[in-house]
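Structure assessment
Letter by letter, the chains look like this.
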Amino acid sequence: MGAEQAWLLAAIPAGVFFVLAIFGRALPRGGDYLGVAAIGTSFLLSFFVLGDLLSTEDKLGPITASIEWSTIGKFELRQGIWIDPITVTMFGVITTVALMVNVFSIGYMKGEPRYYWFFAVLQLFVASMLMLVMADNLLLVYISWELVGVCSFLLIGFYWEKRSATEAAKKAFITTRVGDVGLLIGIILLWKATGTFDIHGIIHAAEAGQIGQTYLFVSIMFVFLGCMGKSAQVPFHVWLPDAMEGPTPVSALIHAATMVVAGVYLTARLLPIFEVADGALLVVTIVGLTTALLTGFIALAQTDIKKVLAYSTVGQLGFMFVALGTGHPAIGMFHLATHAFFKALLFLGSGSVIHATHHNQEMEKLGGLWKKMPITGTTFFIGSLALAGVPPLAGFWSKDEIFVALNDKWGLWAVLILALAATMTAFYTTRLFIRTFMGKPMDKHVHDHTHESGYVMTGPLMFLAVLAVTAGFVVFHSVGKGLGLPGGITEFIFAEHHGPHEYEIDWGFAAASVVMATIGIFAAGWMYWGNSIERSTALAERNPGIYQMFKRKFYFDELYQAVIDRGVLGFSYVVSWFDRYVVNDTGVDGSAQITGFSGGVLKYLQTGRVPNYAMAIALGVVGLTVAGLVVRG
């Protein structure tokens, strides 16, 4: 198999979706083994695609394949795939995390109702994301983009019996829909300007100056709205923490390798257009900085372990957009990959905790679990260090590159904002680990009945822990060469005008990164050591306004609800009144009533009685006579 058959990576799980959706009830174990086999096959095939790409002259491709889909006059619409370093990087991330999630789900979802349906939608979710990252045109991107959204809706609302789950699913769907409308408008505008949906045709037109600056900026900002919505950037971030209502394996897949990274991927793919459009990269950077900082504050006050991880995801996505805002796709994709592995590890680790403690996920009921769950605790510890940016784990290398590029592009002001966000990340990650796995148990009953998860769940944790430790080393030239790449990640993925460059560690920023992580870790250790909350409680009581602002997420939910209640619903009432009284009562019923009234008046002209007609004749004669006299006089 070669890269031209890469569409099979998406076709295989898509086919299994239909099999499980139709026959899943009748299959042994709900057909979960088919789901694992499908994703496992895609995982293996991704290496063949990578090998084919590396066999090209410069090991960079691209390799393309397309078919004619429709022809209307002189306009030809083709659908195809584009395989290059960004594509194969996404293949590796998606299939690796999806395979681990599928295996983990066998243990986590055992005994759940609609077990077969869970695995069915999981396959469609992965297939949609794989097709999205290999699509060579924006129309196919949009189709896959919407399929990803539908799958997330189905999986977040999997426990549809719970009102909170259905509300969370609707919130995710509607919030991202706002961004998706922007994406659709942007695609249409770019098509109107270039006459093509082909991504690289549009990029070449933009770089050649065939699109006016203002038009190009507006178009790419509409596209970026879609990226912000999918990747939960401020102000669209509100849906992602609520998406924790879905099964925990779904959370791992959404946060690490599918839906939320779709926006990062599309921004990276269209980055040449962002660079040509004056001011676009600055917008991307500001959005990323704002999101990273804001969600860092919010995560400090959350007590649900999954929501802490959810806000950390939003923040790390902000880091990725900051990296892309510097004009370096390699750095953004590098952090996307390393984050995928340690964030999948952390979410699956939280799932192991929730499963072992009989669905307890509030810190107030946890603590002291490391001895009870040594494998989960150790792997969660590794994931936490990676997220905090501790060397030599994966998160350190990708974050360090972001700081270097950010300083070169935008200067010290941006670095200081991101540094504060990085320090808070280390703080709340340490807080999460201490309050879950260390110190005294907060609920003795929960602690006594906790046990380590089975190997079908701990196996993926150990595999991802290895990646969380080692994945960052791919930035080094020698490691990349050893893997068969042209060099490190920055020599494999790069903007054409920047060219490849060999990674060299910046010792100043490396030391600063270590200091940030150390401050955050030690501050959290001092405040929560032994799973004590006395110091944090005292701090919250001294600053109740600030604490409530963090706890209630800067009141974004309340603000949006007020806008809906007073704005949207108020406008809807006006529209409803207009429809009822103007359109319906006046326009529709009014015309019928006028006809009835006219008929009621005119019916007296035709009574069928001779005396009435004689009277009318007499009155007519008298009237004519009077009129004649008046005219003569």
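Residues numbered from 1 in each chain as written. Predicted model: local features only at pLDDT ≥ 70, side-chain atom pairs only at ≥ 80, totals over all residues. Heavy atoms only, no water.

1. Remarks on the nonpolar core
Core analysis: the largest hydrophobic core is formed by 168 residues, its most contacted members being Ile83, Trp239 and Phe274. For this core, the element with the highest residue contribution is helix H15 (residues 329-356), accounting for 16 residues. When sequence neighbours within four positions are dropped, the list of residues in contact with phenylalanine 274 reads Ile220, Met221, Phe224, Thr267, Ala280, Leu281 and Val284. The next biggest cluster of nonpolar side chains, apart from the first, holds 19 residues, and it includes Leu406, Leu418, Ala421 and Ala422. (Core = buried A, V, L, I, M, F, W, Y, C linked by side-chain atoms within 4.5 Å. Buried < 20%, exposed > 50% of the residue type's maximum accessible area, 1.4 Å probe, protein only. Helix = DSSP H or I, 4+ residues; strand = E, 2+ residues; numbered from the N terminus. Contact = heavy atoms within 4.5 Å.)

2. Overview of the packing of aromatic side chains
A complete count under the given rule lists 31 aromatic pairs for this structure. Ring centres of phenylalanine 476 and tyrosine 503 lie 5.4 Å apart, and the angle between their planes is 85°; this geometry places the pair in the edge-to-face category. A residue pair is termed long-range when its members are at least 10 positions apart, and phenylalanine 476 in the loop between helix H20 (455-470) and helix H21 (477-482) and tyrosine 503 in the loop between helix H22 (489-492) and helix H23 (507-528) qualify at 27 residues. Under the relative-accessibility criterion, phenylalanine 476 is labelled partly exposed at 25%. Positioned above the aromatic ring of phenylalanine 319, the side-chain terminus of lysine 399 is 5.4 Å from the ring centre. For arginine 580, the ring lying beneath its charged end belongs to tyrosine 581, and the centroid distance is 5.6 Å. (Phe/Tyr/Trp six-rings, centres within 6.5 Å; stacked < 30°, edge-to-face > 60°. Lys NZ or Arg CZ within 6 Å of the ring centre and 35° of its normal.)

3. Some points on the pairing of strand E2 (residues 75-83)
Looking at chain direction, strand E1 (residues 63-72) and E2 are connected through nine bridges and run antiparallel. Bridge pairing links threonine 64 to tryptophan 82 in E2. Linking two consecutive strands that pair antiparallel, namely E1 and E2, is a turn of two residues; a positive phi of about 65° is found at glycine 73 within it. (Pairing = 2+ DSSP bridges.)

4. A closer look at helix H5 (residues 138-156)
In an α-helix, one full turn covers 3.6 residues, which means residues spaced three or four apart are oriented alike. Taking 1.5 Å as the rise per residue, H5 with 19 residues should run 27 Å; its terminal C-alpha atoms sit 26 Å apart, in good agreement. A distance of 3.1 Å separates the backbone nitrogen of leucine 139 from a side-chain oxygen at the start of H5, and that oxygen is part of asparagine 137. (Expected span 1.5 Å × (residues − 1). Polar contact = N/O pair within 3.5 Å; in protein donor to acceptor, adjacent residues only side chain to side chain.)

5. Digging into the environment of glycine 530
Looking at where glycine 530 falls in the secondary structure, it is placed in the loop between H23 and helix H24 (534-542). Glycine 530 sits 162 residues away from glycine 368 along the chain, and the two C-alpha atoms are 8.8 Å apart. Sequence-distant contacts of glycine 530, defined by excluding residues within four places in its chain, comprise Gly439 and Lys440.

6. Here we look at the side chain of serine 231
Within the element layout of this structure, serine 231 appears in the loop between helix H8 (213-230) and helix H9 (239-242). Excluding residues that lie within four positions of it along the chain, serine 231 makes contacts with Val260, Val261, Ala262, Gly263, Val264, Leu317 and Phe321.

7. Let's talk about the environment of leucine 464
With respect to the helices and strands, the residue leucine 464 is situated in helix H20. Residue leucine 464 is classed as buried on the basis of its relative accessible area, which comes to 0%. Taking the C-alpha atoms as reference points, leucine 464 and threonine 357, separated by 107 residues in sequence, lie 22 Å from one another. If sequence neighbours within four positions are ignored, leucine 464 has contacts with Met100, Phe341, Ala344, Leu345 and Leu348.

8. Observations concerning the pattern of salt bridges
Tallying each qualifying case throughout the model produces 14 salt bridges. When the shortest N-O distance is used, the salt bridge between glutamate 161 and arginine 114 registers 2.9 Å. With glutamate 161 in the loop between H5 and helix H6 (163-194) and arginine 114 in the loop between helix H3 (85-108) and helix H4 (115-134), this pair connects stretches of sequence that are 47 residues apart. One salt-bridge network, in which partners are shared between bridges, spans Glu146, Arg177, Asp180 and Lys230. (Salt bridge = Lys/Arg side-chain N within 4 Å of Asp/Glu carboxyl O.)

9. Structural notes on the confidence of the model for the protein chain
For the protein chain, per-residue confidence averages 92 on the pLDDT scale, and 100% of positions sit at 70 or higher. Confidence scores differ between elements of the protein chain, with helix H26 (residues 556-602) showing the lowest mean pLDDT of 82 and helix H16 (residues 374-388) the highest of 97. (pLDDT = per-residue confidence, 0-100.)

10. Brief notes about a nonpolar patch on the surface
The grouping of Tyr573, Val574, Trp577, Phe578, Tyr581, Val582, Val583 and Val588 at the surface amounts to a nonpolar patch, some 790 Å² of accessible area in total. Mapped onto the fold, tryptophan 577 is located in helix H26. The class for tryptophan 577 is partly exposed, based on a relative accessible area of 43%. (Patch = residues over 30% accessible without salt bridge, like charges linked within 9 Å, V, L, I, M, F, W, Y side chains within 5 Å. Areas by Shrake-Rupley, 256 points an atom, 1.4 Å probe, with all protein chains shown as cover.)

11. A closer look at the side chain of arginine 431
Within the fold, arginine 431 resides in helix H18 (residues 412-437). Among buried charged residues, arginine 431 stands out as having no salt bridge; its nearest opposite-charge side chain is glutamate 364, 6.6 Å away. (Lys, Arg positive; Asp, Glu negative; His and termini not counted.)

12. Some points on the packing of H8 against helix H11 (residues 259-269)
Two elements in contact, H8 and H11, have axes separated by 7 Å at closest approach and are oriented at 150°. Between H8 and H11, the interaxial angle falls into the category roughly antiparallel. Taken as a pair, H8 and H11 cross one another with a handedness that is left-handed. Packed against H8, whose contacting residues are Val223, Phe224, Cys227 and Lys230, the element H11 presents Met259, Val260, Gly263, Leu266 and Thr267 at the interface. (Axes fitted to C-alpha atoms, helices over the stretch in contact; angles between N-to-C directions. Parallel < 35°, antiparallel > 145°, perpendicular 65-115°, else oblique. Left-handed = near helix turned anticlockwise from the far one by under 90°.)

13. Some points on helix H7 (residues 199-207)
Every buried residue of H7 is accounted for by Ile199, His200, Ile202, Ile203, Ala205 and Ala206. In this fold, the buried residues of H7 make contact with E2, H5, H6, H8, H11 and helix H12 (271-276). N-cap assignment for H7: the residue whose side-chain oxygen lies 3.3 Å from the backbone N of histidine 200 is aspartate 198. Glycine 209 lies just past H7 and shows a positive phi near 75°.

14. Thoughts on the state of the cysteines
Within the structure shown, the criterion is met by zero disulfides. Cysteine 151 takes part in no disulfide bond, and the closest cysteine sulfur to it belongs to cysteine 227, at a distance of 19 Å. Exposure remark for cysteine 151: the relative accessible area of 0% places this residue in the buried category. You can call cysteine 227 buried: its relative accessible area is 1%. (Disulfide = S-S within 2.5 Å.)

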